[in-house]
Amino acid sequence: MDTLRIKQSLFYLFRCENWFSKILILFALLFLPVIGWLAITGFFVKITKKWINQDYNSLPEFSDFGELILLGLITIIVFLLFAIPQTILSFIPCFGGILSM
């Protein structure tokens, strides 16, 4: 398959043979406060990497849980680093009003 159409992307989760067990694992990871959320983030980063490489045939495996957690942690750190300038710039109008008094 060369391209992924909208209909195929909506049903991507159901293309794998063991899709139900993977969705149950993702649902169970929601209830693990930090570690589970990092693993879910890492899982979706792996899906994104597969889509970039145009591999639309199956879902990634949960074989290396530590790799998923590390990938999720790196992703969250990068997102936070990108949020720092935006947070600083959002306070500039407030400081401009204080300094003009």
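Definitions and cut-offs
- Residues numbered from 1 in each chain as written.
- Predicted model: local features only at pLDDT ≥ 70, side-chain atom pairs only at ≥ 80, totals over all residues.
- Heavy atoms only, no water.
- Helix = DSSP H or I, 4+ residues; strand = E, 2+ residues; numbered from the N terminus.
- Buried < 20%, exposed > 50% of the residue type's maximum accessible area, 1.4 Å probe, protein only.
- Areas by Shrake-Rupley, 256 points an atom, 1.4 Å probe, with all protein chains shown as cover.
- Salt bridge = Lys/Arg side-chain N within 4 Å of Asp/Glu carboxyl O.

A. Structural detail: the overall build of the chain. Secondary structure assignment for the chain yields five helices and zero strands. Each helix and strand of the chain, placed in order from N terminus to C terminus, yields the pattern α-α-α-α-α. Every one of the 101 residues in the chain was classed for burial, and the buried ones make up 24%. Surface summary for the chain: the accessible area is close to 7600 Å², and the carbon and sulfur share equals 74%.

B. Broad picture of the pattern of salt bridges. Under the counting rule described, the total for this entry stands at two salt bridges. Residues Lys 22 and Glu 61 are paired through a salt bridge, measuring 3.0 Å at the closest nitrogen-oxygen approach. Here Lys 22, found in helix 2 (residues 19–29), pairs with Glu 61, found in the loop between helix 3 (35–52) and helix 4 (65–90); they are 39 residues apart in sequence, far enough to count as distant. Linking Lys 46 and Glu 67 is a salt bridge whose minimum nitrogen-to-oxygen distance equals 3.6 Å. Here Glu 67 lies in helix 4 and Lys 46 lies in helix 3, a separation of 21 residues in the sequence.

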